[in-house]
Structures are given as C-alpha cells and as structure tokens.
Amino acid sequence: TFTNRWAVMQKIKHPKIIFMTLTLLFIIVLSTIYWKEQNNIECYSHITVLKDDHKLTMMLVFSSLKNRGQVEINGYYRNGNSATLAIHRMIQFNQERHGEHYTLTSVSVRKYTNDEISDTEISGLLPDFFLLRYRSLSLRVKTLLNGHRMLYLSGMPVYYCYDKS
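Residues numbered from 1 in each chain as written. Predicted model: local features only at pLDDT ≥ 70, side-chain atom pairs only at ≥ 80, totals over all residues. Heavy atoms only, no water.

Description of the sheet that holds strand β6 (residues 136-143)
Item 1. Pairing is antiparallel around the closed barrel formed by eight strands, whose spatial order is β1-β2-β3-β4-β5-β6-β7-β8. Direction aside, the axes of adjacent strands within the sheet are offset by 30 degrees on average.
Item 2. Note: strand β4 (residues 85-98) against strand β5 (residues 101-111), ten bridges, orientation antiparallel. Bridge pairing in β5 links Arg-89 to Lys-111. (Pairing = 2+ DSSP bridges. Helix = DSSP H or I, 4+ residues; strand = E, 2+ residues; numbered from the N terminus. Axes fitted to C-alpha atoms, helices over the stretch in contact; angles between N-to-C directions.)

Given below as structure tokens:
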C-alpha cells in the first residue's frame, strides 16, 4: 500500500538521490541498448584472398548507422612475381536489415589516389559490391560470445569482425 511504501522511503536517508541515481542508470542502459541497436555494424576485419597465383591482403573497416554505411578497404594485391599494388577504396552503401540478415547495396565506390589496381585485376577476388555501384551483398551477422562479429556470405564465415572500440 501507499503508506507502507512511504514509510520505507522515509527510513531511507536520501530517497531523492537514490531515485535520481536509479533513473540515471535506467536512462544510460536504455541509451546503450538503443545505440547498439542503431549502430548495426561497427568493426574491422583483416582478410587475405588467394586464387591461383593472385593474393589480395586487406583490412576492411565497416561502419553503419540505421540504413546507411560505408566500408573502407586498404591493402595490397600481388599477381605471381609481379609488383605489389595498393588498393584503397571507400564504398558507401544503403542497408536493409532483417534480424541477423543484412543486404548492403553499394551506392558509391570511390578509389583513393593511392589505389593502383584496376577492377578487372581483382574482379575474381572480391564481390562486385566492392567494385561497382548498385551491386548488392547479402550477409548474415552473428555476434559471438566475445562481442566480436562473424559476417557470413552465402552461409560461409568470411569476415571475422573485431569491435572498433
């Protein structure tokens, strides 16, 4: 009853401070949950792709908020005994999310000035999403027990994604 609750509150030395502290903690928890939910992908991944005598070693940095995002690629490509060429690109995308399933659609693929590799040289090593505009990439994103994420492409784990923080 109300009188019993009031009596308990009277016994507590600083009920306003306790109430404000609990309210603040509640707001912080809700804000954190909301922020984590809105920041769908915030991580980086190191990957090496091998095919015949082609080798592409790169780091991908994923960032997204709600339905937009970007991924930056920075790395090196080598074909057999040829010279090592740099790759450095920024792909901006729109994303649709359904639970663990994401569909990313590239809207802009920008090559930085130090990107030395042609799209045709690496077209067999990367999905078109990383090379051309308006190409889709369907991923499943699972959060692991350690808080990092595994990104699956066609059911296969492809990107082990470390949290950026």
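Overview of the pairing of strand β8 (residues 156-163)
Item 1. Across two bridges, the pairing between strand β1 (residues 42-51) and β8 is antiparallel. By the bridge assignment, Cys-43 is partnered in β8 with Asp-163.
Item 2. Summarising the sheet, strand β7 (residues 149-153) and β8 pair through five bridges and their orientation is antiparallel. Within the sheet, the bridge partner assigned to Tyr-152 lies in β8 and is Pro-157.
Item 3. Hairpin geometry of β7 and β8 is characterised by an intervening segment of two residues between the two adjacent antiparallel strands and by a positive phi of about 55 degrees at Ser-154.

So, the environment of Leu-50
Item 1. Within the element layout of this structure, Leu-50 appears in strand β1.
Item 2. Expressed as a C-alpha distance, the spacing of Leu-50 and Asn-79, which sit 29 residues apart in the sequence, is 10.0 Å.

Some thoughts on the pattern of salt bridges
Item 1. The final tally for this structure, using the stated rule, is four salt bridges.
Item 2. Here Asp-119 and Arg-89 are joined by a salt bridge, their closest N and O atoms 2.6 Å apart. One end of the pair, Asp-119, is in helix α3 (residues 119-122); the other, Arg-89, is in strand β4, and 30 residues separate them in sequence.
Item 3. By relative accessible area, which is 26% here, Asp-119 ends up partly exposed.
Item 4. Relative accessible area serves as the criterion here: at 0%, Arg-89 is assigned to the buried category.
Item 5. One salt bridge connects Glu-100 with Arg-140, and the closest N-O pair in it is separated by 3.3 Å. One end of the pair, Glu-100, is in the loop between β4 and β5; the other, Arg-140, is in strand β6, and 40 residues separate them in sequence.
Item 6. Where salt bridges share partners, they join Arg-89, Asp-115 and Asp-119 into one cluster. (Salt bridge = Lys/Arg side-chain N within 4 Å of Asp/Glu carboxyl O. Buried < 20%, exposed > 50% of the residue type's maximum accessible area, 1.4 Å probe, protein only.)

A short note on the packing of aromatic side chains
Item 1. Under the definition given, this model contains three aromatic pairs.
Item 2. Residues Phe-93 and Phe-129 carry aromatic rings whose centres are separated by 5.9 Å and whose planes lie at 55 degrees to one another, so their mutual orientation is tilted. Of this pair, Phe-93 sits in strand β4 while Phe-129 sits in the loop between α3 and β6; the two residues are 36 residues apart in sequence, bridging distant segments of the chain. As far as burial versus exposure is concerned, Phe-93 and Phe-129 are alike and both buried.
Item 3. Residues Phe-129 and Phe-130 carry aromatic rings whose centres are separated by 5.1 Å and whose planes lie at 85 degrees to one another, so their mutual orientation is edge-to-face. For the pair shown, Phe-129 and Phe-130 are each scored as buried.
Item 4. What links up through ring pairs into an aromatic cluster is the set Phe-93, Phe-129 and Phe-130.
Item 5. For the cation-ring pair, Arg-140 lies above Tyr-152, with the distance from its terminal atom to the ring centre recorded as 4.8 Å. (Phe/Tyr/Trp six-rings, centres within 6.5 Å; stacked < 30°, edge-to-face > 60°. Lys NZ or Arg CZ within 6 Å of the ring centre and 35° of its normal.)

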